[in-house]
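Residues per chain are reported as follows:
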Amino acid sequence: MSEDWVDQTLRFPNRISRIVLLAVEDVLGANSGRAVLTMARLSHLIDAYPTPDFGPGLAFTEIGRLFDAVEGLHGVKVGRQLMRQAGRESFGYWIEGFGGVVGFADVALRLLPLSLRVRIGMEVLAEIFNRYSDQRVILDEEHDTFFFILERCGFCTGRQAETPACAFVLGVLEATLFWISRGRRYAVEETACIASGSPACKLCVSRIPLERRALDMKYA
Ligand SMILES: [Zn+2]
């Protein structure tokens, strides 16, 4: 898909652009981070990240070029592992940037059953994406799976990939679930991706945390 075919006006605000750039640099290191920005034709951002406000920040296509460059430099497999890690490690920045505006850390959450907390964590992340960027996210669920569906995805716009490519957002979702469940791990995978030809990016979350599944199997 050429960039001519995608909407160049869709954007993240500065605050989210900054979170992505900081997280990518944290994982790659400063030198590789600079190389990636240069490769992505974003060298004007070197040592000049956007300020954490809500003014218009990077276009989705620019973020897409950033992740393309990471995979260009490190290979697809390692590049995606790194970006999944960057997504996970960005979680502190999301709390810092959005904890106040969406009530992420509501104490009442502690009293709710686990699967409800997981659903609420996904709702909060969807709300941040829908309210503060041009992304469009809907949630769905089947009996044992939650779905986080990006109908308009800021992480793969303009990209073309053989397999689902939104590793960064997968990491953000993993970290959100880890945090809201107070330390449980959930199997999260992207089963469909706009970059690989699907109409939406579909992230699937198993309703039961991994540790509990292992126990259920042991005692079944
Ligand atoms: Zn995707």
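You'll find the structure just up there.
As a starting point, this report considers the structure included with it. Remember, predicted model here, so these are calculated numbers, not experimental data.

### Describing the nonpolar core
Grouped burial of nonpolar side chains is what soluble globular proteins tend to show.
Here is step 1 of the chain: V20, M83, F129, F148, F155, F168 and L173 are the most contacted members of the largest nonpolar core, which totals 62 residues.
Here is step 2 of the chain: Once residues lying within four places of it in the same chain are set aside, the contact partners of F155 are F12, V20, I63, G64, F67, F129, Q135, C166, F168 and V169.

### Details of empty space enclosed by the protein
Here is step 1 of the chain: Applying the stated criterion to the full structure yields two cavities of 30 Å³ or more.
Here is step 2 of the chain: Computed from the structure, the largest cavity encloses a volume of approximately 50 Å³.
Here is step 3 of the chain: For the largest cavity, the full set of lining residues is F67, E71, G79, R80, M83, F155, R159, A165, C166, A167 and F168.
Here is step 4 of the chain: Every element with two or more residues in the lining of the largest cavity is listed here: helix 3 (60–74), helix 4 (76–89) and helix 7 (167–180).

### Some remarks on the packing of helix 1 (residues 14–28) against helix 2 (residues 30–39)
Here is step 1 of the chain: Two elements in contact, helix 1 and helix 2, have axes whose closest approach is 7 Å; the angle formed by their N-to-C orientations is 130°. It follows from the interaxial angle that helix 1 and helix 2 lie oblique. When you trace helix 1 past helix 2, the crossing you get is right-handed. On helix 2, the residues touching L21, E25 and L28 of helix 1 are A30, S32, G33, V36 and L37.
Here is step 2 of the chain: The residue inventory of the contact of helix 1 with helix 2, partitioned by class, reads five nonpolar, two polar and one charged.

### Observations regarding a positive patch on the surface
Here is step 1 of the chain: Together, R110, R182, R184 and R212 give the surface a local cluster of positive charge.
Here is step 2 of the chain: For R110, the position within the fold is in the loop between helix 5 (91–102) and helix 6 (114–132).

### Observations concerning the state of the cysteines
Here is step 1 of the chain: By the definition in use, this model includes zero disulfides.
Here is step 2 of the chain: This cysteine, C153, is not joined by any disulfide, and C166 carries the nearest cysteine sulfur, 3.7 Å off.
Here is step 3 of the chain: Under the relative-accessibility criterion, C153 is labelled buried at 2%.

### Considering the coordination of the zinc ion
Here is step 1 of the chain: Bound to the zinc ion are the protein donor atoms C166 (SG), E190 (OE), C193 (SG) and C201 (SG), situated 2.2 to 2.3 Å from the metal.
Here is step 2 of the chain: What the four donor atoms of the zinc ion show is an angle range of 99 to 120° at the metal, which sorts the shape as tetrahedral.
Here is step 3 of the chain: Here the donor residues for the zinc ion map to a single chain with the spacing C-x23-E-x2-C-x7-C. Here E190 lies in strand 5 (residues 188–192) and C166 lies in the loop between strand 4 (145–152) and helix 7, a separation of 24 residues in the sequence. The same class applies to C166 and to E190, which are both buried.

What counts and what doesn't
- Residues numbered from 1 in each chain as written.
- Predicted model: local features only at pLDDT ≥ 70, side-chain atom pairs only at ≥ 80, totals over all residues.
- Heavy atoms only, no water.
- Core = buried A, V, L, I, M, F, W, Y, C linked by side-chain atoms within 4.5 Å.
- Buried < 20%, exposed > 50% of the residue type's maximum accessible area, 1.4 Å probe, protein only.
- Contact = heavy atoms within 4.5 Å.
- 1 Å grid on protein atoms, 1.4 Å probe; cavity = no way out; pocket = protein on both sides within 12 Å on 5 of 7 lines; lining within 4 Å.
- Points joined across faces, edges and corners; volume = space filled by probe spheres on them.
- Helix = DSSP H or I, 4+ residues; strand = E, 2+ residues; numbered from the N terminus.
- Axes fitted to C-alpha atoms, helices over the stretch in contact; angles between N-to-C directions.
- Parallel < 35°, antiparallel > 145°, perpendicular 65-115°, else oblique.
- Left-handed = near helix turned anticlockwise from the far one by under 90°.
- Nonpolar A, V, L, I, M, F, W, Y, C, P; charged D, E, K, R; others polar.
- Patch = residues over 30% accessible without salt bridge, like charges linked within 9 Å, V, L, I, M, F, W, Y side chains within 5 Å.
- Areas by Shrake-Rupley, 256 points an atom, 1.4 Å probe, with all protein chains shown as cover.
- Salt bridge = Lys/Arg side-chain N within 4 Å of Asp/Glu carboxyl O.
- Lys, Arg positive; Asp, Glu negative; His and termini not counted.
- Charge placed at Lys NZ, Arg CZ, Asp CG, Glu CD.
- Disulfide = S-S within 2.5 Å.
- Donors = N, O, S within 2.8 Å, 3.2 Å for Na, K, Ca; no water.
- Tetrahedral: all angles 85-135°; square planar, octahedral: opposite > 155°, others 65-115°.

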